Amino acid sequence: MRVERSGQVVRVRSMVNRHDVEEPMSEPKPKDKPFAISKWVVWEAYQRVKANDGAAGVDGESIEAFERDLKGNLYMLWNRLSSGSYLPSPVRAVEIPKEHGQGKVRVLGVPAVADRVAQMVVRLYLEPKVEPLFHPDSYGYRPGRAALQAVGVCRERCWRRNWVIDLDIRAFFDSVPHELVLRVVRRHTDERWILLYVERWLKAPLQQQDGTLMQRDRGTPQGSSISPLLANLFLHYTFDAWMEKHFPEVPFERYCDDAVVHCTTEKQALFVRDAIARRLADCGLELHPDKTRIVYCKDADRRATHANEGPTEPDQPQR
């Protein structure tokens, strides 16, 4: 089974007995349900969650345990989503060590399996609407794009421009303002159930390892099915589209909450960095003061010195 977009109609294609069966995502709304949600999309969402694997949430239920009554569990989830009665469980906090973090940890939020399926349902409805709008230099968590593509483009631009701003947003997934996330989602859908459930996921409490619940007024759990799409949608307006409007001559590559911006002079790099810092502050975010750096692209032809120097690749073309 796969989801396809045909014109303005998004369909789910399923291989049943070697024959393609098409079902529209917008099935007729059941008379006793306020929201029209396709059972086929719930099934496809489950298949994607299963392919991603992942740990159990606060209920301790693994994907294998969920599958013991798969039909019943998926029907119950569809029924609750369609009726408006769906309420997510708290998100389980899981600490993982940061790479080169000197003992620091990153906290992931792991939703229950049923919640991950529900989030994937919303993602399947919302992603086809927003994906075509995203900037070509946005590479993180997008279909057909990968970090290595961003690295390749970055390397070529470093050959042509002497300075880069290496940007890092401090604790992005813990800091993104809920109301601003909901505002950008509202720009692309008027489906009440999508807005309702996105808000509930954003506000779902985080359950610590000792069982205590931490209420959240900002942030989207890094580990949920919907967070990558919400992050890209938020940063599209906060950073990508803003850069294109205010600095159209300054190229960049963004991989979720990390970005590299290419400048011709150190003066320009300082100016652009400060402008980006103000823009992020207006959107409730902050540049990481230690991880954000201005770097000089030093090589055999560029021999100036700077506190931060980054050599380009040895197989660069002749300039």
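Residues numbered from 1 in each chain as written. Predicted model: local features only at pLDDT ≥ 70, side-chain atom pairs only at ≥ 80, totals over all residues. Heavy atoms only, no water.

Colleague: In this structure, what is going on with the sheet that holds strand β4 (residues 91–97)? I would like to understand it.
Modeller: Pairing between sheet strands relies on hydrogen bonds along the backbone, with the strands arranged either parallel or antiparallel. In spatial order, the strands read β5-β4-β7-β8; together these 4 strands make up an open sheet with mixed pairing. Each of the sheet's edge strands pairs with one partner strand only, and the pair in question is β5 (105–110) and β8 (213–214). Where β4 meets β5, 6 bridges bridge the pair, whose relative direction is antiparallel. The residue bridging R92 from the neighbouring strand is V110, located in β5. (Pairing = 2+ DSSP bridges. Helix = DSSP H or I, 4+ residues; strand = E, 2+ residues; numbered from the N terminus.)

Colleague: In this structure, what is going on with the nonpolar core? I would like to understand it.
Modeller: Side chains that are nonpolar tend, in soluble globular proteins, to be buried together. By size, the foremost hydrophobic cluster in this structure holds 72 residues, and its most contacted members are I37, V121, F172, W193, M243, V261 and I276. If near-sequence neighbours (up to four positions away) are discounted, W193 is found in contact with F35, A36, I37, V121, V122 and Y125. (Core = buried A, V, L, I, M, F, W, Y, C linked by side-chain atoms within 4.5 Å. Buried < 20%, exposed > 50% of the residue type's maximum accessible area, 1.4 Å probe, protein only. Contact = heavy atoms within 4.5 Å.)

Colleague: Where do I start with helix α1 (residues 39–52) in this structure?
Modeller: End to end, α1 covers 20 Å across 14 residues, agreeing with the expected 20 Å (1.5 Å per residue, within 8%). Regarding α1, the residues found buried are V41, V42, E44, A45, Y46 and V49. Between the side-chain oxygen of the N-cap and the backbone nitrogen of W40 there are 3.0 Å, and the N-cap of α1 in question is S38. One or two positions beyond α1, positive phi appears at D53, with a value near 60 degrees. (Expected span 1.5 Å × (residues − 1). Polar contact = N/O pair within 3.5 Å; in protein donor to acceptor, adjacent residues only side chain to side chain.)

Colleague: I tried to follow the packing of helix α7 (residues 178–186) against helix α8 (residues 192–203) on my own but got confused; where do I start?
Modeller: What describes two packed helices is the angle between their axes and the distance between those same axes. For the pair α7 and α8, interaxial distance at closest approach is 11 Å and the crossing angle is 160 degrees. With respect to α8, the element α7 is oriented roughly antiparallel. Taken as a pair, α7 and α8 cross one another with a handedness that is right-handed. Contact with α7, carried on its side by H178, V181, L182, V185 and R186, involves I194, L195, V198, E199, L202 and K203 of α8 and no other residues of that element. The class makeup of the residues in the contact of α7 with α8 is 7 nonpolar, 1 polar and 3 charged. (Axes fitted to C-alpha atoms, helices over the stretch in contact; angles between N-to-C directions. Parallel < 35°, antiparallel > 145°, perpendicular 65-115°, else oblique. Left-handed = near helix turned anticlockwise from the far one by under 90°. Nonpolar A, V, L, I, M, F, W, Y, C, P; charged D, E, K, R; others polar.)

Colleague: For this particular structure, what's the right way to read unusual backbone geometry?
Modeller: Among all residues except glycine, the phi angle is most often negative; among peptide bonds, the trans geometry is most common. One non-glycine residue, D53, lies in positive phi territory at about 60 degrees. Locating D53 in the fold gives a position in the loop between α1 and α2 (63–66). Even without glycine at this site, A171 takes up a positive phi of about 45 degrees.

Such coordinate-based values are descriptive only and should not be taken to indicate function.
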